[in-house]
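# Observations on chain architecture
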Amino acid sequence: MKQTIARIALLVDDYDKAIEFYTKNLDFILLEDTDLGDGKRWVIVAPPGSKECSLVLAKADDEKQQASVGNQTGGRVFLFLYTDDFWRDYYKMMERKIKFVRSPEKMPYGMVAVFEDLYGNMWDLLEPVEVQQQ
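Residues numbered from 1 in each chain as written. Predicted model: local features only at pLDDT ≥ 70, side-chain atom pairs only at ≥ 80, totals over all residues. Heavy atoms only, no water.

Evaluation of the coordinates by the stated rule reveals 12 aromatic pairs. A centroid spacing of 5.8 Å and a plane angle of 55° characterise the contact between Phe100 and Phe115, whose relative ring orientation is tilted. Of this pair, Phe100 sits in strand β6 (residues 99-107) while Phe115 sits in strand β7 (residues 110-116), placing them 15 residues apart in sequence. Given the relative accessible area of 16%, Phe100 is considered buried. Grouped by ring-pair contacts, the aromatic residues Phe21, Tyr22, Phe28, Phe86, Trp87, Tyr90, Tyr91, Phe100, Phe115 and Trp123 constitute a single cluster. (Phe/Tyr/Trp six-rings, centres within 6.5 Å; stacked < 30°, edge-to-face > 60°. Helix = DSSP H or I, 4+ residues; strand = E, 2+ residues; numbered from the N terminus. Buried < 20%, exposed > 50% of the residue type's maximum accessible area, 1.4 Å probe, protein only.)

What follows is the structure in structure tokens.
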């Protein structure tokens with residue numbers, strides 16, 4: 001049996017603001033934006049080249065969900081953005097004023113730095129060892 005994680009729901013407070021951040025600042029691709037009525041939309045974004053997993057931008061619709069926007073994991077790194085060229089992406093993100101909360105560091109598993117998205121969710125920007133140039 002083969003299974004994969006296909007989608008991860010990410011709570012947002014505004015669809016258009018989230019789409020703009022992910023597509024303009026992180027170069028994600030807007031895969032779908034379908035109006036479901038009553039102010040709800042089915043919005044899917046993914047990094048270029050992503051084949052198995054994407055984000056569903058889910059607008060928080062009650063107080064409990066709104067309180068979790070930006071803190072879905074209690075302050076831990078939430079998502080891991082793999083790259084084939086750490087420094088290219090790091091410098092591009094710095095130019096776009098992405099906030100890094102941990103500086104680049106070479107770890108046994110690869111080159112990594114931690115950044116925040118527009119809501120404060122923490123992400124690893126990571127070039128794993130297996131794709132690093134020797």
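On to the sheet that holds strand β8 (residues 122-128), then. Pairing is mixed in the open sheet, where four strands are placed in the order β5-β8-β7-β6. Either end of the sheet is taken by a strand with one partner, and the two such strands are β5 (77-82) and β6. On average, adjacent strands in this sheet sit at an angle of 20° to one another, irrespective of strand direction. Relative to β8, β7 runs antiparallel, the two being bridged by seven bridges. When the bridges of β8 are listed, Val114 appears paired with Asp124. (Pairing = 2+ DSSP bridges. Axes fitted to C-alpha atoms, helices over the stretch in contact; angles between N-to-C directions.)

Take the domain arrangement of the chain next. Splitting the chain by domain gives domain 1 (1-69) and domain 2 (73-133). The gap between the C-alpha centroids of domain 1 and domain 2 is 19 Å. At the junction of the two partners, domain 1 supplies 19 residues and domain 2 supplies 14 residues. A combined buried area of about 1,200 Å² lies between domain 1 and domain 2, and 70% of that area is made up of carbon and sulfur atoms. By the criterion of area lost to domain 2, the three top residues of domain 1 are Phe21, Asn25 and Leu26, representing 33% of everything that side buries. The tally of links between domain 1 and domain 2 comes to two salt bridges. Arg96 is the partner of Asp27 in a salt bridge, and the nearest nitrogen-oxygen pair spans 2.9 Å. (Domains from an automatic or database assignment. Contact = heavy atoms within 4.5 Å. Buried area = accessible area lost by both parts, 1.4 Å probe. Salt bridge = Lys/Arg side-chain N within 4 Å of Asp/Glu carboxyl O.)

On to helix α3 (residues 86-95), then. Working note: α-helix, 3.6 residues per turn, so residues spaced by three or four point in the same direction. Along α3, the residues classified as buried are Phe86, Asp89, Tyr90 and Met93. End-on view of α3: buried residues confined to an arc of 100°, all on one side of the axis. In this structure, the buried residues of α3 make contact with β6, β7 and β8. In the stretch just after α3, Lys97 is the one whose phi turns positive, near 65°. (Arc of directions from axis to C-beta.)

Take unusual backbone geometry next. Phi at Asp38 takes a positive value of approximately 55°, unusual for a residue other than glycine. Following the sequence through the fold, Asp38 ends up in the loop between β2 (29-37) and β3 (40-46). Judged by its relative accessible area of 83%, Asp38 falls in the exposed class. Despite not being glycine, Lys97 shows a phi value in the positive range, around 65°. Turning to its location among the elements, Lys97 is positioned in the loop between α3 and β6.

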